[in-house]
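Chain and residue survey
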Amino acid sequence: GAGVSQTPSNKVTEKGKYVELRCDPISGHTALYWYRQSLGQGPEFLIYFQGTGAADDSGLPNDRFFAVRPEGSVSTLKIQRTERGDSAVYLCASSFRPFTDTQYFGPGTRLTVL
Amino acid sequence: DQQVKQNSPSLSVQEGRISILNCDYTNSMFDYFLWYKKYPAEGPTFLISISSIKDKNEDGRFTVFLNKSAKHLSLHIVPSQPGDSAVYFCAASPVSGGYNKLIFGAGTRLAVHP
């Protein structure tokens, strides 16, 4: 069956621009997570959705970052006024239920801010 | 501060021998622990988990040991195979959050050579 998909796989942008990163979770998964992985580090939690609502956005680094999941399926991570320090791999994961169920990760979007 | 630490950035093991990957944590509220494996250009893949009520969990060639008093867990792979070569991430989660907000270590790159 289809796994978690993320588009684009690579995104190069200039400092100050706006970007959107998309995540398609596994069908039927109610929980969706965004993580960010910087070079040489493990994934770092950004935000968790249960259904359409952001249940925990405590990992978002600042107000330039925002995420939505309007219909409880596809999610979009939005970054305004990108900075070079935003360069990282952005990973999306989904699970059938929020706890005890395995999180399945997508391949990630590599964002490069020049 | 790093709540989950993998102090060995890399490990090299001969095929057929045992691989032991270590992980330390500092937050006593963590009570669910996982290991993920990551190949280049792919998202992390769940490998094995352990709840704090156990001290050992086994799945085929993979065994995870948890020492709560030492706040230490380890992943044993026996026998190691070349296909096991990947980056291994240790992750931890507090139950109190009600969902799997995973806190990852920085990873250990395992190389299994013939």
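See the structure above.
Quick caveat: nothing in here was measured; it's all calculated off a predicted structure.

Section: the nonpolar core
If you look at the biggest cluster of nonpolar residues, it comprises 23 residues, and the most contacted ones within it are Phe33, Trp35, Leu73, Leu75 and Tyr88 of chain B. Contributions of two or more residues to this core are made by β3 (19-25), β4 (30-38), β5 (45-51), β7 (62-67), β8 (72-77), β9 (86-94) and β11 (108-113) of chain B. At four residues, the largest contribution of residues to this core is made by β9 of chain B. Formed by 20 residues, the second largest nonpolar core is a distinct cluster that contains Val19, Leu21, Leu46 and Leu60 of chain A.

Let's talk about the packing of aromatic side chains
Applying the stated criterion across every chain, the model contains 12 aromatic pairs over all chains. Their ring planes at 85 degrees and their centres at 5.4 Å tell us that phenylalanine 105 of chain A and tyrosine 36 of chain B sit as a pair that is edge-to-face. Of this pair, phenylalanine 105 of chain A sits in strand β10 (residues 104-105) while tyrosine 36 of chain B sits in strand β4, on two different chains. Each member of the pair phenylalanine 105 of chain A and tyrosine 36 of chain B is classed as buried. Through pairs of rings, three or more aromatic residues link up here, namely Tyr33, Tyr35, Phe45, Tyr48 and Phe105 of chain A together with Tyr36, Phe46, Phe89 and Phe104 of chain B.

Looking at the layout of surface pockets
Of the pockets and cavities examined, the largest pocket occupies roughly 660 Å³. Taken together, the elements giving at least two residues each to the lining of the largest pocket come down to β9 (88-95) and β11 (109-113) of chain A together with β9 and β11 of chain B. Per-element tally for the lining of the largest pocket: the top contributor is β11 of chain A, with four residues. One number sums up the size of the second largest pocket: a volume of about 360 Å³. Along its surface, the second largest pocket is lined by 19 residues, and Gly42, Pro43 and Glu44 of chain A together with Ile103 and Phe104 of chain B are the ones closest to its centre. Partitioning the lining of the second largest pocket into residue classes produces seven nonpolar, eight polar and four charged.

A word on the pairing of β3 of chain B
All names here are of chain B. Residues of β3 alternate between two faces, with Ser19, Leu21, Cys23 and Tyr25 buried on one and Ile20, Asn22 and Asp24 left unburied on the opposite face. Bridge count between strand β1 (residues 4-5) and β3: two bridges; the pairing is antiparallel. Within β3, the residue paired with valine 4 across the bridge is tyrosine 25. Pairing of β3 with β8 involves six bridges; the strand directions are antiparallel. Its bridge partner lying in β8, isoleucine 20 is registered against histidine 76.

Brief notes about the interface of chain B and chain A
Between chain B and chain A, the residue contacts involve 19 residues of the former and 21 residues of the latter. Overall, the association of chain B and chain A removes approximately 1600 Å² of surface from exposure, summing both partners, and the carbon and sulfur fraction of that is 61%. Linking chain B with chain A are one salt bridge, by the criterion used here. Salt-bridge contacts for lysine 101 of chain B lead to aspartate 56 of chain A; the nearest nitrogen and oxygen are separated by 3.9 Å. Our count for the chain B to chain A interface comes out at two residue pairs in polar contact (both at pLDDT 80 or more).

Looking at the state of the cysteines
Scanning the model with the defined rule gives two disulfides over all chains in all. Two residues, cysteine 23 of chain A and cysteine 92 of chain A, share a disulfide whose sulfurs are 1.9 Å apart. The sign of the -65 degrees torsion about the S-S bond sets the cysteine 23 of chain A-cysteine 92 of chain A disulfide as left-handed. Here cysteine 23 of chain A is found in strand β3 (residues 19-24), whereas its partner cysteine 92 of chain A is found in strand β9, with 69 residues between them in sequence. Covalently, cysteine 23 of chain B is tied to cysteine 90 of chain B through a disulfide, its sulfur atoms 2.1 Å apart. The chirality of the disulfide connecting cysteine 23 of chain B with cysteine 90 of chain B is left-handed, given an S-S dihedral of about -70 degrees. Of this pair, cysteine 23 of chain B sits in strand β3 while cysteine 90 of chain B sits in strand β9; the two residues are 67 residues apart in sequence, bridging distant segments of the chain. This pair shows no difference in class: cysteine 23 of chain B is buried, exactly as cysteine 90 of chain B is.

What counts and what doesn't
- Within each chain, residues carry numbers counting from 1 in the order of the written sequence.
- Here chains are named by letter from A upward and ligands by number from 1 upward, in the order in which they appear as written.
- Only residues with pLDDT of 70 or above have their local features reported here, since the model is predicted, and side-chain atom pairs are shown and tallied only from 80 upward, although totals for entire chains, interfaces and linings are computed over all residues.
- By convention in this description, side-chain values take in all heavy atoms of the structure and omit both hydrogens and water.
- Working definition of a nonpolar core: buried Ala, Val, Leu, Ile, Met, Phe, Trp, Tyr and Cys residues. They are joined through side-chain atoms within 4.5 Å.
- A simple rule labels every residue: compare its accessible area, found with a 1.4 Å probe on the protein chains alone, to the largest value its type can have, and call it buried under 20%, exposed over 50%, or partly exposed in between.
- Helix and strand definitions here come from DSSP, where helices need a minimum of 4 consecutive H or I residues and strands a minimum of 2 consecutive E residues; each element is numbered from the N-terminal end.
- Pairs were defined over the aromatic rings of Phe, Tyr and Trp, the Trp ring being its six-membered one, requiring ring centres within 6.5 Å. Orientation was assigned from the angle between planes: stacked under 30 degrees, edge-to-face over 60, tilted for the rest.
- Buriedness of a pocket was judged along seven lines, with at least five required to meet protein on both sides within 12 Å; pockets are open sets of points on a 1 Å grid over the protein atoms alone, cavities are sets where a 1.4 Å probe fits but cannot get out, and lining residues have an atom within 4 Å of a point.
- Grid points are joined across faces, edges and corners, and a volume is the space filled by probe spheres set on the points.
- When residues are sorted by character, Ala, Val, Leu, Ile, Met, Phe, Trp, Tyr, Cys and Pro go into the nonpolar class, Asp, Glu, Lys and Arg into the charged class, and all the rest, Gly among them, into the polar class.
- Whether two strands pair depends on DSSP finding at least two bridges between them.
- Between two residues, a contact is recorded if the distance between any of their heavy atoms is within 4.5 Å.
- Reported buried area values correspond to the accessible surface (1.4 Å probe) lost by two parts on association, with both partners' losses combined.
- Salt bridges, as used here, are contacts in which a Lys or Arg side-chain nitrogen is within 4 Å of a carboxyl oxygen on Asp or Glu.
- What qualifies as a polar contact is a pair of N or O atoms within 3.5 Å, subject to a donor-acceptor requirement within protein and to the restriction that residues adjacent in sequence count only when both atoms come from side chains.
- Throughout, a disulfide means two cysteine sulfur atoms within 2.5 Å of one another.

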